[in-house]
Every structure is written in C-alpha cells, then in structure tokens.
Amino acid sequence: MSVIALLNQWPFSPVDWLLIELGVALAYIVFGVAGFGTALVAGPILILFLPLSKIVPLLVLLDFVAAFGNLLPSRREVARPELLRLLPCMAVGCTLGVIFLLNLKSDVLLLLMGLFISAYAIYSLAVKIRPTRLAAGWAIPMGTVGGLFGALFGSGGFLYAIYLNSRLPKDAARATQSALISCSTVVRLSLFLLAGVYAELPLLLLALCLLPAMALGLWIGRRLIMKLSREAFVRLVTWLVLASGIALISRYLST
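Residues numbered from 1 in each chain as written. Predicted model: local features only at pLDDT ≥ 70, side-chain atom pairs only at ≥ 80, totals over all residues. Heavy atoms only, no water.

A few words on the UniProt feature "transmembrane region" (unreviewed entry) in the protein chain. As annotated in UniProt, the feature "transmembrane region" (unreviewed entry) corresponds to residues 25-48, 55-72, 84-102, 109-126, 138-163, 175-195, 201-220 and 232-253 in the numbering used here. Structurally, residues 109-126 is divided into 100% helix and 0% strand, and its ends, taken at the C-alpha atoms, are 25 Å apart. Along residues 201-220, the helical share is 100% and the strand share 0%, with 30 Å between the first and last C-alpha atoms. (UniProt positions renumbered as here; feature names shortened; annotations may be inferred. Helix = DSSP H or I, 4+ residues; strand = E, 2+ residues; numbered from the N terminus.)

For the rest of this paragraph, the subject is the nonpolar core. In terms of nonpolar packing, the biggest core is built from 76 residues, with Y28, L52, L58, L59, F192 and Y198 touching the most fellow members. If one sorts the elements of this core by residue count, helix α4 (residues 52-71) sits on top with 10 residues. When residues no more than four places from it in sequence are discounted, the contact partners of L58 are L46, L50, L203, L206, A207 and L210. (Core = buried A, V, L, I, M, F, W, Y, C linked by side-chain atoms within 4.5 Å. Buried < 20%, exposed > 50% of the residue type's maximum accessible area, 1.4 Å probe, protein only. Contact = heavy atoms within 4.5 Å.)

Attention shifts here to the environment of I162. Its location among the elements puts I162 in helix α8 (residues 157-167). Setting aside residues up to four positions removed in sequence, I162 forms contacts with Y123, L134 and M142.

Time to look at the environment of F192. Positionally, F192 belongs in helix α9 (residues 170-194). Along the chain, F192 and V60 lie 132 residues apart, while their C-alpha atoms are 9.3 Å from each other. Ignoring any residue separated from it by four or fewer positions in sequence, one finds F192 in contact with V56, P57, V60, V98, L101, A151, V197 and Y198.

A word on the packing of α8 against α9. At their nearest, the axes of α8 and α9 sit 10 Å apart, and the two run at 145 degrees to each other. For the element pair α8 and α9, the recorded crossing hand is right-handed. Counted together, G157, Y160, A161, L164 and N165 of α8 and A173, T176, Q177, L180, I181 and S184 of α9 form the full contact between these two elements. For the contact of α8 with α9, a count of residues per class yields 6 nonpolar, 5 polar and no charged. (Axes fitted to C-alpha atoms, helices over the stretch in contact; angles between N-to-C directions. Left-handed = near helix turned anticlockwise from the far one by under 90°. Nonpolar A, V, L, I, M, F, W, Y, C, P; charged D, E, K, R; others polar.)

The following block contains the structure:
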C-alpha cells in the first residue's frame, strides 16, 4: 500500500492538518517547559478528529522520542531510589489504564477525559501550597494512579511531579521525572504493541507526519524556559487546559 493510500485513510482537510500540527506543536512546547502534559494540551484538539483510543497511542509514540531527548542531558542527576520505588506501581497503573482505554466506549472516554483535565486544571490553579515532604509510602498511590492516568488519558506526569518535587531538589526531581516518563512510555508502548494497536500502519504514518511539529514544539519550549518564568507559563497553559476540559464536557452533554 502506498504512502498516499495510507494517508487517505485519515480524511483530514488542509485546515484539519493545520490544527492537528499546531495542537501537537503547542503540546510539546508545554512538554519542553514542564516535562509533561502533552495529552492535556493536544488531547482536546486531536479528539475533534480522532478517537481517544487512537490519540493516546499516537502521543505515546511521540512522547517516546521526546522523553528520551529530555532524559539524556540530565541522566546523572536521576535519583535512582525514588525511580525504583515508583516504577513497579507505575507499571501496574499503566496496565489497568490500557485495559480501560481499549474497552470503554468512546463517548464515556470523552466525558472522562473532560472531567480529568478539568479536575487537574482546577487543582493546579487552586492549590498554591505543595506538601513540604511526602512520605515514601506515597509512591504507591502516586505511581499507580499516575500510570493509570498516563495510559488512559496520556498524562499522569503531574502526579509524579507532585511526589518528586516534595522529596528532591529541583534539578534531581526534574531529571527523575524525565526518567520515569521515559520508562512509562516504554511500558505503555509495549502494552499497546501487545494489544495490536500499532499493527495499523496509518497510525504509525500519522505519528511520522507529526514528528516535525513535535520537534519544533520542543525547540521552542526549551528556549522559553530560559526566558520566561516556568510557573507563569504553566499557569497560563493550565487556564487553557481548563477551558478545553469544560468544552469536552459540554460536547459530551450536547450529544
């Protein structure tokens, strides 16, 4: 089958392609600044054109490339004890998330994603004070739920960030989070492979077409973080995420 024939299986107009590419670029600007959040930003845009059961595996492929790019420069600062504490819990959560993603109805997933990203945004905007130090036992719920959300909605990284930022210095927390997200993408990628999701060549080709937008977003994000306050930028994006979540819930209620 030719490349054109494969692409024709995605009936996107030029305007659709532009919106999809812009959504992915914006998502990876956020990833370049915050180290997570691609599905929170790209999901509400992509879901206009694709089912969530395709969006999450698509973003996992792109995250796989992006996460290892973030990890390599800072791998020496990774806190291995924290990484090893979170990994088994994350793997369990990822497995449960993939099962739910591939078996729930698309309209239910639409509602759940809207509720999820709205709750995340409200939490981020409302809670100003983070815990000074969480006990190590918090790795179990944070790792498990983070893995569940990562596989089901494409974004559980904020839970890893809450846990790690309460236990490690800033640079070590960011490096460990990059390592954990890298491992999470490998786990999710493997589970989707076993489920046969990537047997669909059009999905792989779509991911290939979106790589330039991903690379551009990362490039912009890594330069923004040197010029802007990370906190101010993430807060602005969080307001956009909240608006997207409310729009998704409204779309579900109107169907």
